[in-house]
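Each chain, written out:
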Amino acid sequence: MRKPGSPKTSPVFWLWLILFLACGLKAMADDRPVRYDLKVELIPETAMLQGRETLVWTNRTADYIPDIQFHLYWNAFKNERSTLAREAGREKMISRYRAKKDEWGWIKLVSLSTGSGLDLMPAATFISPDEPHNPDDQTVMRVELPEPLAPGQAITLNLEFQAKVPGSGLRTGYYRDGFFISQWFPKPGVYEEGRGWNCHEYHLNSEFYADFADYRVEITVPERMVVGASGEEVARRDDPASGKTTYTSIQQNIHDFAWTASPRFLKLERWFRGEEEVTPEEYRQMAELLGLSLEELRLPDVKMILLIEKQHQHQAERHFRALRAALKYYGLWYGPYPYRTITMVDPPYRTGSGGMEYPTLFTAGTSVLLEKDVLSPEQVIIHEFGHGYWYGLVANNEFEEAWLDEGINTYSTGRVSEVAYGPGRLPFRFNGLPLNWLIRFPAVYDWQLGRVVSATVAELDPILTESWKFFNSMSYSLNVYYRAATCLHTLEKLLGEKTWARVMRTYHMRYRFRHPRTEDFIRVVNEVSGQDLTWFFKEFFFNANNFDYAIGSVETRLKPEKYQGVFDGLPTGQASSPPAKDREKTVPKKEKIYETVITLRRYGPARLGPGHVLKLRVDFEDGSSEWREWDGQGRWVRFYFEKPARIKTAVLDPEAIWLVDSNLSNNSYSVQGPGTRLLAATGKLVWFLQHLLLTFSGLL
């Protein structure tokens, strides 16, 4: 609603705005290489899908393209020889996927032809594009075209397929009559100009990469089923004779489509109203922080849809509150949510689909009994919605650079959770039952927990590693989620709140509906900050180097009243003046002077970049403080102090800028008697045991 007294906008302005938006939407549509028209029927009794697909693929590059490569993801669940099954079998302790008999899943192409009717099935072969080569994997199919596709040329393909829903899938599956369906249809990879097809096999430690497209999807299910899907539901058609219902959903400018069906869902709807959720003062503060106008920050209304299992319906408002917080802060900080709906799903029991993200739809995950002060399901909701920004809108290649989604979103989740809820307690459960009444862990922020756990893999793999080439799932998870997020928190502290907020906003809005790479993110950081921080990314993203600066030793002694030795004059006959530490000097008996030597060490190979320093603050018992700075390039440095008071404490990096430091327990020194020394020793022991256990579990 327009405020009283505000200037009236002319009709001409609105006409030009409508024309501008229309042209802009048409330009975006013209840039999208794919259009999908999908029709699928779910047969719950046999857990089968019967599908038909018409896709129009346009060559938006300057290359002549001889083939099309398709993902057939569900063949990863076909047998024990798939790449996914092989990789999962190497996980010796915990794995998110185990191949099980009688629960196989697969996808089979029944027919494939061009729009003119030319049969392409004889030209289709399975390929294994990744190393190590696996001839048994059938998750990538190459189709040779009758003739190369010229720049700007489009091809229409008609496909029929059958698919068996995996019973123990990864991110998809079914249990009894509850289904979650993702990565379910033949989908082209991404053609990159000058590089060819980017179409990787389905790996254990990887998610996905696809082109933005326009979708129209018809889903037919038994009439008792409640359905949720990506995009907007625009039609529902009942067929009483067959007892089936067909739902039609459409959505432009998304790069994936998922859906779910269960008779146990309750469907609830609420509205996110931007003018109600954000106060004028919050808009003003954000405008000042980001250097944007108020109109650029206005958040649109969004329909929030919740599909929740009936036994969890008492948690509905907790779900909506968390989603409101996510829509608000992701929208204010990074850019308004661009779609009209968002659907969150309390996923069907035992479908293996909890905590996953898809465009305009995500899954959360909860339990009947919840723990007080534990932010569950809130953090899952915030996190999975947030992927709609970093995976959904800024669509990086998760096969090759997972941190651009997982790391940035882990950072963002922590920030939203901190502002909306404050710290949360860690869960303590046994067989799904909360036991916080027995052991109450302290409340912590995400960045605190993430910094600690990710330190264990600092030297195992670089953050920028292809997803299937990490040492194991532990290294993948801790690096691309938590270590990457810790690095981003460090950059925020290094650059300051205003600069960092503008970095993140610029990156997100510049690369919406595009496929950025790590070098694009680095370019934005350098551009907005006015600094060359390439060294930071080389040190912490491209290398597996441990960053550990420490107070190596602190030595304090009472300065003697006299120094012993011979103190001669200079040969020239001039009176000599020995150095302050060597000349004989009588100190007044009433004044005691203490000499303190502090040695700083660099234990890890990672070091500070040019122009950056580590600060050391030293506090003395007389209440005075002194500061020193070290560029951190050498392996050690010593600082000398002479004071009429003993040292009380010394803290390296007292402003806690360098959160990437893997061991903060060696960054401080205190002289407060035997009790404190014992406590410090105990703390170091706990730290050691914690790292030992985490590292051990990661290597199993």
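Residues numbered from 1 in each chain as written. Predicted model: local features only at pLDDT ≥ 70, side-chain atom pairs only at ≥ 80, totals over all residues. Heavy atoms only, no water.

**Quick look at the sheet that holds strand 5 (residues 124–126)**
Within a beta sheet, neighbouring strands are joined by backbone hydrogen bonds and run either parallel or antiparallel to one another. To keep things clear, this is the line we draw: Strands qualify as paired when DSSP identifies two bridges or more between them. The secondary structure listing takes helices from DSSP runs of H or I that are at least 4 residues long and strands from runs of E that are at least 2 residues long, numbered from the N terminus.
Ordered by their spatial adjacency, 4 strands build an open sheet running 5-6-3-10, and the pairing between neighbours is antiparallel. Each edge of the open sheet is held by one strand with a lone partner, namely strand 5 and strand 10 (187–188). Examined bridge by bridge, strand 3 (residues 65–71) and strand 10 share 2 bridges and lie antiparallel to one another. Within the sheet, the bridge partner assigned to histidine 71 lies in strand 10 and is lysine 187.

**Digging into the packing of helix 8 (residues 403–420) against helix 11 (residues 497–510)**
What counts is decided by this rule: Angles here are taken between N-to-C directions and fall from 0 to 180 degrees, while the axes themselves are lines fitted to C-alpha atoms, restricted in helices to the stretch in contact. Here the word oblique covers every angle except those under 35 degrees (roughly parallel), over 145 (roughly antiparallel) and from 65 to 115 (roughly perpendicular). Left-handed describes a crossing whose near helix is turned anticlockwise from the far helix through less than a right angle; right-handed describes the clockwise counterpart. We call two residues in contact whenever any of their non-hydrogen atoms come within 4.5 Å of each other.
The contact between helix 8 and helix 11 brings their axes to 14 Å, and the two run at 140 degrees. In terms of orientation, helix 8 and helix 11 fall into the oblique class. In the crossing of helix 8 with helix 11, the sense of the turn from one axis to the other is left-handed. For the pair helix 8 and helix 11, the contacting residues are Leu404, Ile408 and Tyr411 in the first and Trp500, Met504 and Tyr507 in the second.

**Focus on the environment of alanine 154**
Filter applied, for reference: The classification of residues rests on relative accessible area computed with a 1.4 Å probe and restricted to protein chains. Under 20% of the type maximum is buried, over 50% is exposed, and intermediate values are partly exposed.
Relative to the helices and strands, alanine 154 is located in strand 7 (residues 154–164). Exposure remark for alanine 154: the relative accessible area of 41% places this residue in the partly exposed category. Ignoring any residue separated from it by four or fewer positions in sequence, one finds alanine 154 in contact with Val56, Trp57, Thr58 and Leu149.

**Looking at helix 8**
Put simply, the test is: Each residue after the first adds 1.5 Å to the expected span of a helix.
Helix length check: helix 8, at 18 residues, gives a terminal C-alpha distance of 24 Å against a target of 26 Å (1.5 Å per residue), a fit within 8%. In terms of burial, helix 8 is largely enclosed, as 15 of its 18 residues are buried. Positive backbone phi, approximately 85 degrees, marks glycine 422, located one or two places after helix 8.

**Remarks on the packing of aromatic side chains**
Filter applied, for reference: Whether two aromatic rings pair depends on their centres lying within 6.5 Å, for rings of Phe, Tyr and Trp, where Trp uses its six-membered ring; planes under 30 degrees apart make the pair stacked, over 60 edge-to-face, and the rest tilted. The criterion for a charge sitting over a ring is simple: Lys NZ or Arg CZ within 6 Å of the ring centre, and within 35 degrees of the ring normal.
A full pass over the atoms with the stated rule returns 47 aromatic pairs. For the pair tryptophan 333 and tyrosine 334, a centre-to-centre distance of 6.1 Å together with 75 degrees between the ring planes defines the contact as edge-to-face. Summarising the burial analysis for this pair, tryptophan 333 and tyrosine 334 share the class buried. A centroid spacing of 5.9 Å and a plane angle of 75 degrees characterise the contact between phenylalanine 536 and phenylalanine 537, whose relative ring orientation is edge-to-face. For the pair phenylalanine 536 and phenylalanine 537, one class covers both residues: buried. Over the ring of tryptophan 636 we find arginine 638, and its NZ or CZ is 4.7 Å from the ring centre. Over the ring of phenylalanine 620 we find lysine 643; its NZ or CZ atom is 5.1 Å from the centre of that ring.

**Examining the side chain of asparagine 666**
Selection criterion: A 3.5 Å cut-off defines polar contacts: any pair of N or O atoms within that distance qualifies, except that in protein one atom must be a possible hydrogen donor and the other a possible acceptor, and neighbouring residues in sequence count only when both atoms are side-chain atoms.
Inspection of the secondary structure puts asparagine 666 in the loop between strand 32 (647–652) and strand 33 (668–670). Residue classification places asparagine 666 among the buried positions, given a relative accessible area of 11%. Among the polar contacts made by the side chain of asparagine 666, one reaches the side chain of aspartate 548 at a distance of 3.3 Å.

**Considering the confidence of the model for the protein**
This is how the line gets drawn: Per-residue confidence from the predictor is reported as pLDDT, a score between 0 and 100.
The share of residues in the protein with pLDDT of 70 or more is 88%, and the mean pLDDT across the chain is 89. Below a pLDDT of 50 lies the segment residues 1–29, which in the model reaches 6 contacts outside its immediate sequence neighbourhood of four places, other chains included. Low pLDDT, under 50, characterises residues 673–700; the stretch is placed with 26 contacts to residues that sit more than four places away or in other chains.

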